[in-house]
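# Structural features, examined
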Amino acid sequence: MSLRYLASRLAQGLLVLWIAFTFSFFLLYWLPGDPVITMLGAGGELQSFDPAEVARLRAEFNLDQPLPIQYLLALLAVVRLDFGTSIQAGTPVTEAIAAALPSTLALAALALGLALAVGASIAVAATLTRRPWLRDTLAALPGLGVALPTFWVGLMLLQIFSFRLPLFPAVGTGTPAAIVLPAVTLAIPLSAIIAQVLFRSLQNAWIQPFVTTFHASGYTRLRLLLRQALPVALLPALTMGGVLFGQALAGSVVVENVFSRQGLGRLAQTAVTGQDIPLVQGIVLFAAAVFVLVNLITDLTYPLLDPRLRAARRKLENKARDTLAEASDREDAPAGASPAGSTAESASTKTEGARA
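The rules behind the values
- Residues numbered from 1 in each chain as written.
- Predicted model: local features only at pLDDT ≥ 70, side-chain atom pairs only at ≥ 80, totals over all residues.
- Heavy atoms only, no water.
- Helix = DSSP H or I, 4+ residues; strand = E, 2+ residues; numbered from the N terminus.
- Buried < 20%, exposed > 50% of the residue type's maximum accessible area, 1.4 Å probe, protein only.
- Areas by Shrake-Rupley, 256 points an atom, 1.4 Å probe, with all protein chains shown as cover.
- Expected span 1.5 Å × (residues − 1).
- Bend = angle between axes of the 7 residues up to and from the residue.
- Contact = heavy atoms within 4.5 Å.
- Phe/Tyr/Trp six-rings, centres within 6.5 Å; stacked < 30°, edge-to-face > 60°.
- Core = buried A, V, L, I, M, F, W, Y, C linked by side-chain atoms within 4.5 Å.
- pLDDT = per-residue confidence, 0-100.
- Axes fitted to C-alpha atoms, helices over the stretch in contact; angles between N-to-C directions.
- Parallel < 35°, antiparallel > 145°, perpendicular 65-115°, else oblique.
- Left-handed = near helix turned anticlockwise from the far one by under 90°.
- Nonpolar A, V, L, I, M, F, W, Y, C, P; charged D, E, K, R; others polar.
- Patch = residues over 30% accessible without salt bridge, like charges linked within 9 Å, V, L, I, M, F, W, Y side chains within 5 Å.
- Salt bridge = Lys/Arg side-chain N within 4 Å of Asp/Glu carboxyl O.

### Some remarks on the overall build of the chain
Scanning the chain from N- to C-terminus turns up 15 helices and zero strands. For the chain, buried positions account for 33% of its 356 residues. A total accessible area of about 20,800 Å² is found for the chain, and carbon and sulfur atoms account for 67% of it.

### Points about helix α7 (residues 150-164)
Because the α-helix completes a turn every 3.6 residues, residues three or four places apart line up on one side. Helix length check: α7, at 15 residues, gives a terminal C-alpha distance of 20 Å against a target of 21 Å (1.5 Å per residue), a fit within 8%. Of all the bends in α7, the largest measures some 30° and sits at Leu-158. Of all the positions in α7, only Val-153, Gly-154, Leu-157, Leu-158 and Ser-162 are classed as buried.

### Structural notes on the environment of Leu-224
Relative to the helices and strands, Leu-224 resides in helix α10 (residues 221-238). Residues Leu-224 and Trp-206, spaced 18 residues apart in sequence, show a C-alpha to C-alpha distance of 9.1 Å.

### What about the side chain of Gln-281?
Tracing the backbone through its elements, the reader meets Gln-281 in helix α13 (residues 277-305). Judged by its relative accessible area of 7%, Gln-281 is buried. Setting aside residues no more than four positions away along its own chain, Gln-281 makes contact with Phe-21, Ser-24, Phe-25 and Leu-28.

### Notes on the packing of aromatic side chains
Throughout the structure, instances matching the rule amount to five aromatic pairs. Ring geometry for Phe-25 and Phe-26: centres 5.2 Å apart, planes at 85°, overall edge-to-face. Owing to a relative accessible area of 1%, Phe-25 belongs among the buried residues under this scheme. Residue classification places Phe-26 among the partly exposed residues on the basis of a relative accessible area of 22%. In textbook terms, an aromatic cluster arises when at least three aromatic residues are bridged by ring pairs, as seen for Phe-21, Phe-25, Phe-26 and Tyr-71.

### Examining the nonpolar core
Counting 19 residues, the largest nonpolar core has Leu-107, Leu-186 and Leu-190 as the members making the most contacts within it. For this core, the elements supplying multiple residues, two or more each, are α5 (93-128), α7, α8 (180-206) and α11 (241-258). The leading source of residues in this core is α8, at seven residues.

### Details of the confidence of the model for the chain
Averaged over every residue, the pLDDT of the chain is 76; residues scoring 70 or more account for 74%. This stretch, residues 42-46, has a pLDDT under 50; its non-local contacts, to residues over four places away or in other chains, come to six contacts. Taken as a whole, residues 336-356 scores under 50 in pLDDT and shows zero contacts with residues more than four places along the chain or in a different chain.

### Digging into the packing of helix α6 (residues 132-147) against α8
At a minimum axis distance of 7 Å, the contact between α6 and α8 shows a crossing angle of 135°. Considering the angle they form, α6 stands oblique to α8. Every pair of crossing elements has a handedness; the one defined by α6 and α8 is left-handed. Between α6, through Arg-135, Ala-139, Pro-142, Gly-143, Gly-145 and Val-146, and α8, the contact on the second element is made entirely by Ile-188, Pro-189, Ala-192, Ile-193, Ala-195, Gln-196 and Phe-199. Considering only residue class, the contact of α6 with α8 consists of nine nonpolar, three polar and one charged.

### What to know about the packing of α7 against α8
Running from N to C, α7 and α8 point in directions that differ by 140°, and their axes come no closer than 9 Å. In terms of axis orientation, α7 runs oblique to α8. Judged by the twist between their axes, the crossing of α7 over α8 is right-handed. Contacts between α7 and α8 pair Thr-150, Val-153, Gly-154, Leu-157, Leu-158, Phe-161 and Ser-162 from the former with Leu-181, Val-184, Thr-185, Ile-188 and Pro-189 from the latter. In the contact of α7 with α8, the residues fall into eight nonpolar, four polar and no charged.

### Thoughts on a nonpolar patch on the surface
On the surface, a nonpolar cluster with roughly 500 Å² of combined accessible area is contributed by Phe-151, Trp-152, Leu-155, Met-156, Val-253 and Val-254. The set of elements that each furnish at least two residues to the nonpolar patch consists of α7 and α11. Ranked by residue count, the leading element in the nonpolar patch is α7, at four residues. Take Val-253: it is sitting in helix α11. For Val-253, a relative accessible area of 31% corresponds to the partly exposed category.

### Describing the side chain of Thr-104
Inspection of the secondary structure puts Thr-104 in helix α5. Thr-104 gets classed as buried once you look at its relative accessible area, which sits at 1%. When sequence neighbours within four positions are dropped, the list of residues in contact with Thr-104 reads Leu-249, Ser-252, Glu-256, Gly-263, Leu-264 and Gly-265.

### Here we look at unusual backbone geometry
The phi angle at Leu-81 is positive, at roughly 60°, despite the residue not being glycine. Considering the arrangement of structural elements, one finds Leu-81 in the loop between α4 (67-79) and α5. Given the relative accessible area of 66%, Leu-81 is considered exposed.

### Considerations on the environment of Phe-151
In this structure, Phe-151 sits in helix α7. Sequence spacing of Phe-151 and Glu-256 is 105 residues, and the spatial spacing of their C-alpha atoms is 9.9 Å. Setting aside residues up to four positions removed in sequence, Phe-151 forms contacts with Val-254 and Val-258.

Printed below as a string of structure tokens:
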């Protein structure tokens, strides 16, 4: 792994963070309403409050400055890792995110684990079966899982398993049972994506020559799939790690609101509703940073798992090193010397020797 490639990936990550910050900043300021009035709870009536108090709050949050100045001040604060104070709660943004983070991380981790188990099972079963109708049915399930709206799935699970069959609590975060239905709701679209990618990868790996060779040597279909085809098919699915984690964070906004569960999703919804600009920007930057970090880790570990990429990268590095060495040799050579001139001089010397 070259330092130039790592620096390039870090620069791309910083660019993504800057774009996310800029987009969220201007989008929030273009929304109708006034954050200070919303915080004071005036229902939009400025006359209900002391103008001096309103002016003080505007100055405290730099809302009295022109929009470009507000943007520059906010950007400089973020560069200093100062994400400001929540307008609604009056607490630092980092503390608000840290308080809501454990609940969302537990939900996302459980949902990703369930999605991986269900998605891989569907893909493996669809690949192993010899019955076309069963393979087509299993291959069609991921499309259905992606098409179902997340909020509708959550409401159906609540209706069945909380109201008609009181097996799990409908709302709250206090007990381990309360996370089951939210995790299943969030895992359904994630498992559909995993099943689609993995099934296609298994189909491509199943027709490779090495699979035919191992099959001819006496490997059973199950052993051949688990020992040979599946490790190869998992590599393309690994690149979906960042996308899946981003989907989990985005889906938590809907799931946590459906199940009245505390977490980053519900915190983001409350912040947007109350036009809590520093808190919304902090959540957006945190989600973008996690997305960039997961993708960076995926890019760095992918060549370690795929020997073909290691060989290709080593070949490119050797070629670049040879090119630089040749260029350095040309610069170090005398001004009058050249390969063509050396060849001509050698030929002339040989001719004179033959005449002698």
